Each structure stands twice: as structure tokens, then as C-alpha cells.
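Structural overview for review
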Amino acid sequence: MDLRRLIVCALFILNICWVCKVSANVVFRVQHKYGGDRSLSAYKAHDALRHGRILASVDLPLGGNGQPSETGLYFAKIGLGSPSKDYYVQVDTGSDILWVNCVGCTRCPKKSDIGIELTLYDPKSSKTSNLVACNEEFCTSTYNGQIPGCRPELLCQYNVEYGDGSSTAGYFVQDILQYNRASGNLQTAVANGTVVFGCGARQSGELGSSSEALDGILGFGQANSSLISQLASAGKVKKMFSHCLDGVNGGGIFAIGELVQPKLNTTPLVPNQAHYNVNLKTIEVGGHYLDLPTDVFDTGDGKGTIIDSGTTLAYLPEAVYDPLLTKVMSNQPGVSLHTVEQQFKCFQYTGNVDDGFPDIKFHFENSLSLTVYPREYLFQIREDAWCIGWQNGNQSKEKGMTLLGDIVLSNKLVFYDLVNQGIGITEYNCSSSIKVKDEQSGAVYSVGAHYLSSASNLSIGKVLTVLLSLIVLLHNFIF
């Protein structure tokens, strides 16, 4: 994979063994961090931290990253250990392991400013935990051979350093994971499985901050160490998944499995890339194609177009950003742009933005197109004021790169077909449901969004956030 990735690290492989012997669907409840309170400064800070890691290089070309603490916008509640305890882990398509903070951790956050109670995992308090030694198959496969100096009594350890200077280190442990299994159309039941995951022992830099602190991360990247990659290599799932982030209600869908309904046209994934890169060909604003340099969307050397559900805004090379912004504002000659919070282009406007500003359409390889409406790329900060979600990538670390985050992906169904190396995107009602196929039984299940109140421990200020349902279609789990 491309060495341009989120980390400079010793990568590791997530080794999973599930105990259920029949076809199943797994459901994780996923919470949006910010709920309905869309603070521009919080969004930009989130993206800046994330992209400091995205553009760091990797010293092991394993096809992905091991960044367990990437600040994704969505997080799930899972259970770990016996007896099971709840942990809140970030959900992100750019991350490749399940990882949680552990008892005895140095500089692990003690509290979270997003309204959740943090829990440190303690292997000694769980009756089913087992430490992973450096001479075990999991560890030797992780490092492509036995680590020099390894002895049976030494643990399999990991160490990850990020582009923003923060780092995390720990060791691997095996224990029981508790999750919700879909037992029918829109029905779930509790199920358990055994999983090897990272046990965080030391944090540095921003990873010890409480501002966006969670217990860990659940990654869905395409590297060999990701959850979906490990399950697919074991023959337990098809290497396909979908997400649909509801920008209206705050919920959505996240499902592993072949998407049966709706059927989507796909654009090819760029091979040998660390992220989900696609070939963007042209951009249309209000029915007019932008006159852009022919090589502006080329992949490689820090360029290319990344589809990333963990990024809030959208970042464009300056050669794209400037003409796009000019075209967006061209129908409003009386509207003046002002800089807010030293980084956002904002303006006063009291009309309907969908009537006053143009739609923007992205055209990808293989005739796939995606329309982003003014109500999606503009953020209302007060009744008569709006800010633009498009960002000049040349003023940040994603210089030269096109990165399409939630303002593009919200209210869209995105299908990642890693078997055939393609991505499909279409407008969709993310409050509804999709149909996904269980390959083992041939059954087709409806999976959809689950909206649950979280007033007891997940409220953020006065905002009651809404749960996004993460529905993972798994099958034929063999102990």
C-alpha cells in the first residue's frame, strides 16, 4: 500500500475469532460526538488533528494504518470482558484496529468533554482475558516474523507515532467482545465473540487530552489489520460495507456485507493506496464545469481524492478551491465574504440558500457523479449568517489533496466494494434502511438506523444526541 498514511508506526494485525456457529448480523449502537451542535471551530480542530496524522508517512507498507485514536465523529458502545463492561470506541473508515485504554495507562485521559464516562479496561478483572505473547502466531504474523529478542514470557507490544507528534503504545490482549446480533429484519439479540485488541498503556500529546476523549477506536480501513480485512481473510464475510450518515436527524447506517438494495454504480478504487482513494475527473458548479489544471486530481505525491467519513469538512487544492468559491458566490454580487475564527469564509444571507447558491456536482471515473447541495456545504451560524464548508487545503497539511468529508458524504449511501475494488455513492434517506445479503445462508436482511435517547450519560450540554446504528453483517462464525 502507499506509504502516505496516518502513522509512522509499528503496525499490527487484529486477530479475531467468533464463537457463534451460525449466520449472524452484528449491531453496534453508534453515537455522533457533536450531535446537533455544529461548532465550526470544533469541526476544524477535529479535522486539523486528524489530517496531521493522515499525512504522516508509514514505515511498514502493510496497506493501512494503526492509528487507534483518530478523532472520528462517530462512536459505538461495545462490551468487553467477563463480566462485560461498556466502552465507547470511535468508528472510522480510516482506522484498522480495535483498541482501548487500559488500567495503569500513563497519560490516558481521565474524563471526556463530550459527555461520556470513560472506562479503563483491566485484563486482571476479566475471567476470559488472555495476554498475547510475542512468540504467538498473532504477533509473528503482525511483524512478518518473530521479534528479535522475543522470549515466551514477553508480551506482543505495539507502538504508534503520529504526524502531529502524539503517540500511543501498549500490548495485545484477547477477550470476549459483546455486541448486538441482528436476528431478523430490524431485530437484534445479544451475542458474544472472542477478539484480540490493543490494550493502551501509554499516551502522549493530544491523545491524553479530554477534549474529544473516548475509550478507543473501532476501525474499518482496508489494511490487513482492520476488522473487515481480518474477517474476510478468515472467510467469514465478504469484503464489502456501506455507511449512510444522516445529516438531518444525526443517525444513519453502517453495515458489512453485499449491498442488495439499492444497487449502486461504482467508481474504481485507486490501487496501492493507504486510504479509500478514487479518481475525480471534473467538478461542475451550477451547471458549469470548472476550468482546472489537467493534473490537479492526480493520485500520488500527496495528491488524489480521498473518501473519508472521519473528516467533517471538505478540503480542496488551492487550484480548485479558488475557482469553485468564485463560482459559488457569482450569483450573489451583493454578498460580502468575511473571515470568522480566522479561518472560515462567512456571509450574511436571509434567503433560502438552495435557491440562492448553486449545486456542486463531482464527476468520478466510470460515470459516477455526486451532487452536494448548498444546504449541505453551507453551515448556518445564526439566523442571518452562513459559513462555507469548503476549505483551502493549501492552508493546511492536506496541501494538494482533495479530501471529501461529511459535508459531501452526509445524506449519501456509500458502498465500499473491496472485493471488486470500487466505491458507489448515491443520495439516500439515511433514516430508512438498506438490504444486505448473508453470503452463507443466502438470506437478505433489512438493516436500518436506530434512534435511541442518550440523556443518562451521552448528552452534550443541552443537546440530546442521536444514535447511529452500526450494523455489521457477519456469517458462519466458527469457534
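Residues numbered from 1 in each chain as written. Predicted model: local features only at pLDDT ≥ 70, side-chain atom pairs only at ≥ 80, totals over all residues. Heavy atoms only, no water.

Turning our attention to the pairing of strand β11 (residues 216–219). Walk down a regular strand and you will see the side chains alternate between the two sheet faces. Burial along β11 is two-sided: the residues Gly216 and Leu218 and Ile217 and Gly219 are all buried. Across 4 bridges, the pairing between strand β5 (residues 85–92) and β11 is parallel. Residue pairing for β11: valine 91 is matched across the bridge by leucine 218. Pairing analysis gives 3 bridges linking strand β6 (residues 98–106) to β11, with the strands arranged antiparallel. For valine 100, the partnering residue across the bridge sits in β11 and is glycine 216. (Buried < 20%, exposed > 50% of the residue type's maximum accessible area, 1.4 Å probe, protein only. Helix = DSSP H or I, 4+ residues; strand = E, 2+ residues; numbered from the N terminus. Pairing = 2+ DSSP bridges.)

Let's shift gears to the packing of aromatic side chains. Taken as a whole, this structure holds 12 aromatic pairs when the rule is applied. Geometrically, the ring pair formed by phenylalanine 241 and tyrosine 416 is stacked, given 4.3 Å between the ring centres and 5° between the ring planes. Placement of the pair is phenylalanine 241 in strand β12 (residues 240–245) and tyrosine 416 in strand β29 (residues 412–417), with a sequence separation of 175 residues. On the basis of relative accessible area, phenylalanine 241 is assigned to the buried category, the value being 0%. Overall, the relative accessible area of 0% leaves tyrosine 416 in the buried class. With a centroid separation of 6.4 Å and 70° between ring planes, the pair formed by phenylalanine 347 and tyrosine 349 is classed as edge-to-face. Tyrosine 349 sits in the buried class, given a relative accessible area of 15%. Connected via pairs of aromatic rings, a cluster forms that spans Phe220, Phe241, Tyr276 and Tyr416. In this structure, arginine 375 packs its charged tip against the face of tyrosine 373, placed 4.6 Å from the ring centre. (Phe/Tyr/Trp six-rings, centres within 6.5 Å; stacked < 30°, edge-to-face > 60°. Lys NZ or Arg CZ within 6 Å of the ring centre and 35° of its normal.)

Time to look at the nonpolar core. The tendency in soluble globular proteins is for nonpolar side chains to be buried as a group. Core analysis: the largest hydrophobic core is formed by 79 residues, its most contacted members being Ile283 and Trp390. Top element by residues in this core is helix α4 (residues 318–329). It accounts for 6 residues. In this structure isoleucine 283 touches His288, Tyr289, Leu290, Phe297, Val320, Leu324, Ile360, Lys361 and Phe362, once residues within four positions along its chain are discounted. (Core = buried A, V, L, I, M, F, W, Y, C linked by side-chain atoms within 4.5 Å. Contact = heavy atoms within 4.5 Å.)

With 71% of its residues at a pLDDT of at least 70, the protein reaches an overall mean of 74. Considering each helix and strand of the protein separately, the mean pLDDT is smallest for strand β33 (residues 467–474), with a value of 27, and largest for strand β23 (residues 360–364), with 97. The model gives residues 1–25 a pLDDT under 50, and that stretch makes 159 contacts with residues more than four places away or in other chains. Counting contacts from residues 33–38, a segment whose pLDDT is below 50, to residues more than four positions away or on other chains yields 23 contacts. (pLDDT = per-residue confidence, 0-100.)

Here we take up the pattern of salt bridges. Evaluated as defined, the whole model comprises 5 salt bridges. For lysine 238, the salt bridge identified is with glutamate 258, shortest N-O distance 3.4 Å. One end of the pair, lysine 238, is in the loop between α3 (227–233) and β12; the other, glutamate 258, is in strand β14 (residues 258–261), with 20 residues separating them in the sequence. Put simply, arginine 375 and aspartate 354 hold a salt bridge, and the shortest N to O gap is 2.8 Å. Of this pair, arginine 375 sits in helix α6 (residues 374–377) while aspartate 354 sits in helix α5 (residues 353–356); the two residues are 21 residues apart in sequence, bridging distant segments of the chain. Classification of aspartate 354 as partly exposed rests on a relative accessible area of 27%. (Salt bridge = Lys/Arg side-chain N within 4 Å of Asp/Glu carboxyl O.)

Attention shifts here to the sheet that holds strand β18 (residues 288–289). One open sheet accounts for 4 strands, arranged β18-β17-β23-β24; its pairing is antiparallel. Two strands in the sheet have a free side with no partner beyond their single neighbour: β18 and β24 (368–372). In this sheet, β18 lies alongside strand β17 (residues 280–285) in antiparallel orientation, the contact comprising 2 bridges. Across the sheet, the residue bridging to valine 285 is histidine 288, located in β18. Here α4 sits on the sheet in contact with β17, β18 and β23, set at roughly 25° to β17. (Axes fitted to C-alpha atoms, helices over the stretch in contact; angles between N-to-C directions.)

What follows concerns the pairing of strand β13 (residues 252–256). Most of β13 is tucked away, with 5 of its 5 residues classed as buried. The alternating pattern of β13 places Gly252, Phe254 and Ile256 on one face and Ile253 and Ala255 on the opposite face, and all of these are buried. Looking at chain direction, β12 and β13 are connected through 5 bridges and run antiparallel. The residue bridging histidine 243 from the neighbouring strand is phenylalanine 254, located in β13.

Of note, threonine 282 is situated in strand β17. Judged by relative accessible area, which is 31%, threonine 282 ranks as partly exposed. The spacing of threonine 282 and phenylalanine 364 is 82 residues in sequence and 7.2 Å in space, taken between C-alpha atoms. When near neighbours in sequence (up to four residues on either side) are disregarded, threonine 282 contacts Tyr289, Phe297, Lys361, Phe362 and His363.

Bringing unusual backbone geometry into the picture now. Note the cis peptide between serine 82 and proline 83, where omega equals 0°. Considering the arrangement of structural elements, one finds proline 83 in the loop between β4 (74–80) and β5. Cis rather than trans, the peptide bond between glutamine 261 and proline 262 has omega equal to 0°. Here proline 262 lies in the loop between β14 and β15 (266–268).

Our next topic: the state of the cysteines. The term disulfide refers to a covalent linkage connecting the sulfur atoms of a pair of cysteines. This structure, assessed with the given rule, holds 6 disulfides. Across a sulfur-sulfur distance of 2.0 Å, cysteine 244 and cysteine 430 are joined as a disulfide pair. Given an S-S torsion of about -75°, the disulfide between cysteine 244 and cysteine 430 has left-handed geometry. Taken together, the residues cysteine 244 in strand β12 and cysteine 430 in the loop between β30 (422–427) and β31 (433–437) connect sequence positions 186 residues apart. Cysteine 430 carries the same exposure label as cysteine 244, and that label is buried. Each disulfide of the protein joins two cysteines, and with those cysteines numbered along the sequence the arrangement is 1-8, 2-3, 4-6, 5-7, 9-12, 10-11. (Disulfide = S-S within 2.5 Å.)

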